[in-house]
Amino acid sequence: ETGVTQSPTHLIKTRGQQVTLRCSSQSGHNTVSWYQQALGQGPQFIFQYYREEENGRGNFPPRFSGLQFPNYSSELNVNALELDDSALYLCASSSPGVRDETQYFGPGTRLLVL
Amino acid sequence: AQSVSQHNHHVILSEAASLELGCNYSYGGTVNLFWYVQYPGQHLQLLLKYFSGDPLVKGIKGFEAEFIKSKFSFNLRKPSVQWSDTAEYFCAVIPFSGGYNKLIFGAGTRLAVHP
């Protein structure tokens, strides 16, 4: 176990709805990264939060947004859900700014959009 | 664009067979390299990592990987697989470009080990 927790574990939504996923980082880690893993594919980087600011973003539309809180936990929000948003959403925590940064993953939230 | 290629999508082996999973990346600068494993019903776990130094790195459960810079490769090996190695294996890189560190993953290799 990595100490990274995510909630909920599973979620079913319909097209057009909004969803919020949550992540608690490992103790001592101040950076959270979010990834989307579609079926049969490797995880794709969505964005990263460091000290409550978005630190970097992958090729995802603005309807994917996030927050990081003072305790370093984080939320991923997706608005106007589309069928293609069905995926496993992974959160990873790390301590950045060092050459040997390693990201540790949580169990993921599986989202199904109908 | 930066990318990671894993050569085999599905591999089937018998117990005690040797394993080698290929991984190539496209980035000319400094990289950190990782192999993650996802056992059935479990979360993504770090198997091993390379940052610098000896290009042959050893990880958990008898796995090792060799970084060959000239070939942009980071192949994973295990001399003798066990049924419990059945899992999906992901190669990933962090390309250092002066900003934040994001992992770029390959598509994964699904390994099935038969008793």
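These lines cover the structure that appears in this document, whether it is placed above or below.

Analysis parameters
- Residues numbered from 1 in each chain as written.
- Chains lettered and ligands numbered in written order.
- Predicted model: local features only at pLDDT ≥ 70, side-chain atom pairs only at ≥ 80, totals over all residues.
- Heavy atoms only, no water.
- Helix = DSSP H or I, 4+ residues; strand = E, 2+ residues; numbered from the N terminus.
- Rg over C-alpha atoms; globule rule 2.2 N^0.38 Å.
- Buried < 20%, exposed > 50% of the residue type's maximum accessible area, 1.4 Å probe, protein only.
- Contact = heavy atoms within 4.5 Å.
- Lys, Arg positive; Asp, Glu negative; His and termini not counted.
- Charge placed at Lys NZ, Arg CZ, Asp CG, Glu CD.
- Core = buried A, V, L, I, M, F, W, Y, C linked by side-chain atoms within 4.5 Å.
- 1 Å grid on protein atoms, 1.4 Å probe; cavity = no way out; pocket = protein on both sides within 12 Å on 5 of 7 lines; lining within 4 Å.
- Points joined across faces, edges and corners; volume = space filled by probe spheres on them.
- Nonpolar A, V, L, I, M, F, W, Y, C, P; charged D, E, K, R; others polar.
- Polar contact = N/O pair within 3.5 Å; in protein donor to acceptor, adjacent residues only side chain to side chain.
- Pairing = 2+ DSSP bridges.
- Axes fitted to C-alpha atoms, helices over the stretch in contact; angles between N-to-C directions.
- Salt bridge = Lys/Arg side-chain N within 4 Å of Asp/Glu carboxyl O.
- Patch = residues over 30% accessible without salt bridge, like charges linked within 9 Å, V, L, I, M, F, W, Y side chains within 5 Å.
- Areas by Shrake-Rupley, 256 points an atom, 1.4 Å probe, with all protein chains shown as cover.
- Buried area = accessible area lost by both parts, 1.4 Å probe.

Examining the overall build of chain B
The helix and strand tally for chain B stands at zero helices and twelve strands. Against the 2.2 N^0.38 benchmark of 13 Å for 115 residues, chain B shows a C-alpha radius of gyration of 14 Å, consistent with a compact globule. Dimensions of chain B along its principal axes, counting C-alpha atoms only, are 45 × 30 × 20 Å. When the 115 residues of chain B are sorted by exposure, 50% land in the buried category. Taking as baseline every contact in chain B between residues at least 6 positions apart, the subset at least 24 positions apart corresponds to 55%. Each charge sign in chain B was given a centre, from 9 positive and 7 negative side chains, and these centres are 7 Å apart.

Considering the nonpolar core
The nonpolar side chains of a soluble globular protein tend to be buried with one another. Within the largest apolar cluster, 30 residues are counted, with the highest numbers of intra-cluster contacts made by W35(B), F74(B), L76(B) and Y89(B). Beyond its immediate stretch of four places on either side in the chain, Y89(B) contacts Q6(B), L21(B), W35(B), Y36(B), V37(B), L47(B), F63(B), L76(B), G108(B), T109(B) and L111(B). By size, the runner-up hydrophobic cluster in this structure holds 19 residues, among which are W34(A), I46(A), F47(A) and A87(A).

Side note on the layout of surface pockets
By volume, the largest pocket is sized at about 560 Å³. If you trace the largest pocket, you find 29 residues lining it, with Q37(A), L88(A), R110(A), Q38(B) and Q42(B) closest to the centre. Among the elements that make up the lining of the largest pocket, the one with the highest residue count is strand β10 (residues 87-95) of chain B (three residues). Looking at the lining of the largest pocket residue by residue, the classes come out as twelve nonpolar, 13 polar and four charged. Within the residue set of the lining of the second largest pocket, elements represented by two or more residues are β5 (44-50) of chain A together with β1 (3-6) and β11 (104-105) of chain B. Its residues assigned to classes, the lining of the second largest pocket comprises eight nonpolar, five polar and one charged.

What to know about the side chain of S33(A)
Residues and elements named next belong to chain A. Turning to its location among the elements, S33 is positioned in strand β4 (residues 31-37). One polar contact links S33 to Q48, side chain to side chain, over a distance of 3.0 Å. Setting aside residues up to four positions removed in sequence, S33 forms contacts with F45, F47, Q48, L90, C91, A92 and Q103.

Focus: the sheet that holds strand β7 (residues 64-68) of chain A
All names here are of chain A. Read from one edge of the open sheet, four strands run β1-β3-β8-β7, paired in antiparallel fashion. The open sheet terminates on both sides in strands that have one partner only, identified here as β1 (5-7) and β7. Put simply, the sheet's adjacent strands are angled 20° from each other on average, direction ignored. Bridge count for strand β3 (residues 19-24) against strand β8 (residues 74-78) is five bridges, and the pairing is antiparallel. Opposite R22, over in β8, you have E75 as the bridge partner.

Some thoughts on the pattern of salt bridges
Note on pairing: side chains with opposite charge can pair once their charged atoms come close. All names here are of chain A. Applying the stated criterion across every chain, the model contains nine salt bridges over all chains. Across the pair E82 and R63 runs a salt bridge whose closest N-O atoms are separated by 3.3 Å. Taken together, the positions of E82 in the loop between β8 and β9 (87-94) and R63 in the loop between β6 (53-57) and β7 put the pair 19 residues apart, joining distant regions of the chain. The exposure class of R63 is buried, given its relative accessible area of 16%.

Let's talk about unusual backbone geometry
A negative phi angle is the norm for most residues apart from glycine, just as the trans form is the norm for most peptide bonds. All names here are of chain A. S7 connects to P8 through a cis peptide bond whose omega is -10°. With phi around 50°, R51 is a residue other than glycine that occupies positive phi space. Within the secondary structure, R51 is located in the loop between β5 and β6. What makes R51 exposed here is its relative accessible area of 55%.

Observations concerning a nonpolar patch on the surface
All names here are of chain A. Side chains of I12, L112 and L114 sit close together on the surface and give an oily, nonpolar patch of about 310 Å² of accessible area. Mapped onto the elements of the fold, L114 is located in the segment after β11 (109-113). The exposure class of L114 is exposed, given its relative accessible area of 55%.

Digging into the interface of chain B and chain A
Many authors give the size of an interface as the accessible area that is lost as the parts come together. Facing the 21 residues of chain B at the interface are 25 residues of chain A. A combined buried area of about 1800 Å² lies between chain B and chain A, and 54% of that area is made up of carbon and sulfur atoms. Three residues, H43(B), Y100(B) and N101(B), lead the burial of chain B against chain A; their summed loss comes to 32% of the area buried on that side. For the pair chain B and chain A, the number of links is zero salt bridges. At the boundary of chain B with chain A, the tally comes to six residue pairs in polar contact (both at pLDDT 80 or more). Mapped onto the side of chain B that touches chain A, the elements with two or more residues apiece are β5 (31-38), β6 (45-50) and β10 of chain B. With five residues, the single largest contributor to the side of chain B that touches chain A is β5(B).

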